[in-house]
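Report on the structure
Each chain, written out:
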Amino acid sequence: MAEDSSQEKTEEPTTKRKEKAREEGNVARSKELNTSAVLIVAAFSFIFFGPMLTRSFMAIMALCFSFDPRASWDDKIAGQYLNASLFEALLAISPILIMLIIVSLVAPISLGGWNFSTKALQPKGSRINPLSGIKRMFSLNALVELAKSWAKVIIVCGVAVLVLIGLKNDFLSMVFQPTENAIAHAAKIIAWSFLLIASSTVIIAIVDIPFQVYSHAKKLRMTMQEIKDEYKNTEGKPEVKAKVRQLQREMANRRMMKDVPEADVIITNPTHYAVALKYKPHEMPAPIMVAKGADHVAFKIIEIGEEYKIPVLQIPALARSIYHNTEIGAEIPEGLYIAVAQVLAYIYQIDQWKRGQAQEPPRKPDYPIPDDLRADE
């Protein structure tokens, strides 16, 4: 059924809709959170590894400004100085690079969780469609992104100005310091200034995260018609489900009818219910029900029982009780042990009487059935 575009998407997304969105790579993400996390971790890394980084670069400067004069005309010696400087610089910044790689991997999954989707990598025509592009340009999301960009510029620039004004005396004092002390002092100022300015991006992230969560949830909302269509596609049409259930019942009945010849006795209502019981004293702790049925199924069970000469007894109350309280292939309830034992004993006595080995047993008028196991018509 085609979706009615006039319907509003007011319903919460179903589990299937959420799973499909994740498969397509459509999860809540915040670029501002990623940017803020990377900048703050980078600032802390510079503060923590700053002294080591300063010493390394001072060593590089000392090496490069006090080199062998032969390096001026010998390319091999100059190359050795260059290689040594590059190795020292890489060794100095490697801890910071490792920290940035880790945070760049962890920060994106902190909102929306880990999700790898190959469908998100597939090309889509809507991405290069001019009409879709114009629509995105004038969407609410585009306006929010524009507002965030201006907010970032204003906040970051404002914090940067405040930091520079506050550290003005520190910058001026470096003029009177020895070179090594001035370099260390400058590195410290730069690192802490970087941290303060980077921390200002947290304000944007705090605002952006709820918006991205809300925007993602709104995008996944569904109309009532979409929910109905999804339910039909998932569960199947009612008429198809009814046909499947009918076929399943027919298959189960066929399997059940094959077990009727193994029964020791069939107890009937006699017109509405029939249950077939089997009991092997040395193989099972209690009698089990191999088949049960109502109406025409009951008549079929009785017909098969008569064909295989299985005793058929009309005990309405017991038949109803067993039918309603026992599943096919399961043991009868403990409360019916005595009643069924008396039935089996009666069947045994009838068999002995037919063989001329005993007198004809009297038929019991009633069998003990607990009140909680009794069943009405």
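Residues numbered from 1 in each chain as written. Predicted model: local features only at pLDDT ≥ 70, side-chain atom pairs only at ≥ 80, totals over all residues. Heavy atoms only, no water.

Here we look at the overall build of the chain
Secondary structure summary: the chain contains 13 helices and 4 strands in total. The burial tally for the chain puts 30% of its 377 residues in the buried class. Contacts spanning at least 24 positions in sequence make up 74% of the contacts within the chain whose residues lie at least 6 apart. Within the structure as shown, the chain displays about 24800 Å² of accessible surface, and the carbon and sulfur contribution to it stands at 63%. (Helix = DSSP H or I, 4+ residues; strand = E, 2+ residues; numbered from the N terminus. Buried < 20%, exposed > 50% of the residue type's maximum accessible area, 1.4 Å probe, protein only. Contact = heavy atoms within 4.5 Å. Areas by Shrake-Rupley, 256 points an atom, 1.4 Å probe, with all protein chains shown as cover.)

A few points about the layout of surface pockets
Rolled over the atoms, a probe sized like a water molecule indicates the empty space that remains. Roughly 350 Å³ of internal volume is contained in the second largest pocket. As for the second largest pocket, its lining consists of 15 residues, and the residues nearest its centre are D264, P311, I347, I350 and D351. Looking at the lining of the second largest pocket, the elements that each hand over two or more residues are β4 (312-314) and α13 (337-354). The element that contributes the greatest number of residues to the lining of the second largest pocket is α13, accounting for 7 residues. (1 Å grid on protein atoms, 1.4 Å probe; cavity = no way out; pocket = protein on both sides within 12 Å on 5 of 7 lines; lining within 4 Å. Points joined across faces, edges and corners; volume = space filled by probe spheres on them.)

Quick notes on helix α11 (residues 296-307)
Residues three or four positions apart in an α-helix share a direction because the helix packs 3.6 residues into each turn. Its 12 residues give α11 an end-to-end C-alpha distance of 16 Å, which sits within 8% of 16 Å, the value for a rise of 1.5 Å per residue. Every buried residue of α11 is accounted for by V297, A298, I301, I302, I304 and G305. For α11, the buried positions fall inside an angular range of 160° around the axis, keeping them on one side. Across α11 from its buried face, at more than 90 degrees, point the exposed residues H296, E306 and E307. Just downstream of α11, K309 is the residue with a positive phi angle, here 60°. (Expected span 1.5 Å × (residues − 1). Arc of directions from axis to C-beta.)

Structural notes on the environment of A191
Within the secondary structure, A191 sits in helix α7 (residues 179-199). Note on A191: relative accessible area 6%, which makes it buried. Along the backbone, A191 and A42 are 149 residues apart, and their C-alpha atoms lie at a distance of 9.2 Å.

As for the confidence of the model for the chain
The predicted model of the chain averages 80 in pLDDT, with 85% of residues at 70 or higher. Note on residues 1-5: pLDDT under 50 across the span, and 5 contacts to partners over four residues away in sequence or across chains. (pLDDT = per-residue confidence, 0-100.)

Remarks on the UniProt feature "transmembrane region" (unreviewed entry) in the chain
As annotated in UniProt, the feature "transmembrane region" (unreviewed entry) corresponds to residues 37-65, 86-111, 149-168 and 189-211 in the numbering used here. Taken end to end, residues 37-65 is 100% helix and 0% strand, and its first and last C-alpha atoms sit 38 Å apart. Between the end C-alpha atoms of residues 189-211 there is a gap of 35 Å, over a span that is 96% helix and 0% strand. (UniProt positions renumbered as here; feature names shortened; annotations may be inferred.)

Here we look at the environment of P261
Here P261 shows up in the loop between α10 (238-259) and β1 (265-268). Note: C-alpha distance between P261 and Y308 (47 residues apart in sequence) is 6.1 Å. Aside from chain neighbours lying at most four places away, what touches P261 is I304, Y308 and I310.

Considerations on the nonpolar core
With 24 residues, the main nonpolar core has V265, I267, L277, L318, I322, L336 and V343 as its most contacted residues. At the level of elements, β1, β2 (273-278), α12 (316-325) and α13 are the ones that each hand at least two residues to this core. Here this core takes 7 residues from α13, the largest share from any one element. Core analysis: the second largest hydrophobic core is formed by 17 residues, M257, A263, M284 and V297 among them. (Core = buried A, V, L, I, M, F, W, Y, C linked by side-chain atoms within 4.5 Å.)

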